[in-house]
Amino acid sequence: MSLLISLRRVSKSVEGEEILREVSLEVKRGEFVSVIGPSGSGKSTLLYIMGLLDRPTSGEVFFDGEKVDFSDEERLSEIRNRRIGFVFQFHYLIPELTALENVMVPMIKAGMSRKEAEERACDLLRVFGLSGKERRKPYQLSGGEQQRVAIARAVANDPDLILADEPTGNLDTKNTEIVMDLLEDLNSSGTTIVMVTHDAELSIRADRTIEIRDGRLV
Ligand SMILES: Nc1ncnc2c1ncn2[C@@H]1O[C@H](COP(=O)(O)OP(=O)(O)OP(=O)(O)O)[C@@H](O)[C@H]1O
Ligand SMILES: [Mg+2]
């Protein structure tokens, strides 16, 4: 299998503090990798760097064979918009927009027509069990429903890679199962997934688990 993303000795310092220390890792196309570790160990920071949202202080990142140039904003956003879907620790739906519009945003950004984006957003919301709730704003949806909207948004452009940071963090057992099933289905259809979780039972459902402590892989 080919490598989708690899990090070579990636370090990240903020205000003199080393948050990530020489992290090297490779994720193959089609893999489902979980990332575990204590609070503050650097999991989200690692995910932001893999998602090209944050730049390392030193080290190299390769995405699909291409060395990432963190000073080339245009290329960065091209890769981010078209090839990576992010499900954040706190879902960050846009509060003023409806569920439908939230899912449409990345498609519009990638240049899709409004009509086409709306059709696909509708389809995705239906697949994720949200039919009839397209016109609701995030505050009119439950936490589990909001998280499903966030996943629909993350997969809107059919990304190669989904980065999910505690996607089930604030959910009850039933909604956790729904979200995990969605991620596993996406993975079965070929999408590579890297998921941060503090839940050991969820992490063992991945193909492989990476553990991070004090900014280092263990
Ligand atoms: N922009 C920043 N400026 C300063 N410190 C930061 C910044 N981002 C993260 N940190 C620090 O880096 C460390 C790692 O943070 P990170 O968010 O990656 O941890 P985490 O493993 O995701 O934790 P949690 O499980 O609580 O989400 C923490 O000590 C945090 O305070
Ligand atoms: Mg975090």
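Structure: see above.
Now for a description of the structure that goes with this document. (Residues numbered from 1 in each chain as written. Chains lettered and ligands numbered in written order. Predicted model: local features only at pLDDT ≥ 70, side-chain atom pairs only at ≥ 80, totals over all residues. Heavy atoms only, no water.)

**Some points on the sheet that holds strand S9 (residues 208-213)**
And then number 1: Taken in spatial order, the six strands line up as S6-S7-S8-S3-S9-S10 in an open sheet, and their pairing is mixed. Strands with a single pairing partner mark the edges of an open sheet, and in this sheet they are strand S6 (84-87) and strand S10 (216-217).
And then number 2: With four bridges joining them, strand S3 (residues 32-36) and strand S8 (residues 192-196) adopt parallel strand pairing. Bridge assignment links Val 35 to a residue of S8, and that residue is Val 196. (Pairing = 2+ DSSP bridges. Helix = DSSP H or I, 4+ residues; strand = E, 2+ residues; numbered from the N terminus.)

**Digging into the site of ligand 1**
And then number 1: Val 14, Ile 19, Pro 38, Ser 39, Gly 40, Ser 41, Gly 42, Lys 43, Ser 44, Thr 45 and Gln 89 make up every residue found near ligand 1.
And then number 2: Here Gly 40 contributes a backbone N or O atom positioned 2.8 Å from an oxygen atom of ligand 1.
And then number 3: One of the backbone N or O atoms of Ser 41 is found 3.2 Å from an oxygen atom in ligand 1.
And then number 4: The leading source of residues in the shell around ligand 1 is helix H1 (residues 43-50), at three residues.
And then number 5: Here the shell around ligand 1 is built from residues that sort into three nonpolar, seven polar and one charged. (Near = heavy atom within 4 Å. Polar contact = N/O pair within 3.5 Å; in protein donor to acceptor, adjacent residues only side chain to side chain. Nonpolar A, V, L, I, M, F, W, Y, C, P; charged D, E, K, R; others polar.)

**A closer look at helix H6 (residues 173-188)**
And then number 1: When the terminal C-alpha atoms of H6 are compared, their 22 Å separation across 16 residues agrees well with the 22 Å that a helix rising 1.5 Å per residue should span.
And then number 2: Here H6 has its buried residues at Asn 175, Thr 176, Val 179, Met 180, Leu 182, Leu 183, Leu 186 and Asn 187. One side of H6 carries all its buried residues, which in axial view fall inside an arc of 155°. Across H6 from its buried face, at more than 90 degrees, point the exposed residues Thr 173, Lys 174, Asp 185 and Ser 188. (Expected span 1.5 Å × (residues − 1). Buried < 20%, exposed > 50% of the residue type's maximum accessible area, 1.4 Å probe, protein only. Arc of directions from axis to C-beta.)

**So, H1**
And then number 1: Summarising burial for H1: seven of the eight residues are buried, a large majority.
And then number 2: Of all the positions in H1, only Lys 43, Ser 44, Thr 45, Leu 46, Leu 47, Ile 49 and Met 50 are classed as buried.
And then number 3: Of the residues flanking the end of H1, it is Leu 52, one or two places downstream, whose phi is positive at about 60°.

**Things to note about the nonpolar core**
When a protein is soluble and globular, its nonpolar side chains tend to lie buried together.
And then number 1: The biggest cluster of nonpolar side chains holds 34 residues, and the ones touching the most others in it are Val 103, Leu 125, Val 149 and Met 195.
And then number 2: For this core, the leading source of residues is helix H5 (residues 143-155), giving six residues.
And then number 3: Not counting residues up to four positions away in its chain, the partners in contact with Met 195 are Phe 32, Val 33, Ser 34, Val 35, Ala 164, Pro 167, Met 180, Leu 183 and Leu 202.
And then number 4: Ranked by size, the runner-up nonpolar core spans 30 residues in total, among them Val 23, Leu 25, Leu 46 and Ile 84. (Core = buried A, V, L, I, M, F, W, Y, C linked by side-chain atoms within 4.5 Å. Contact = heavy atoms within 4.5 Å.)

**Brief notes about the environment of Phe 62**
And then number 1: Mapped onto the elements of the fold, Phe 62 is located in strand S4 (residues 58-63).
And then number 2: We classify Phe 62 as buried; its relative accessible area is 16%.
And then number 3: Along the backbone, Phe 62 and Glu 26 are 36 residues apart, and their C-alpha atoms lie at a distance of 9.3 Å.
And then number 4: When neighbours within four sequence positions are excluded, Phe 62 is seen to be in contact with Leu 4, Ile 5, Ser 6, Arg 8, Lys 67 and Val 68.

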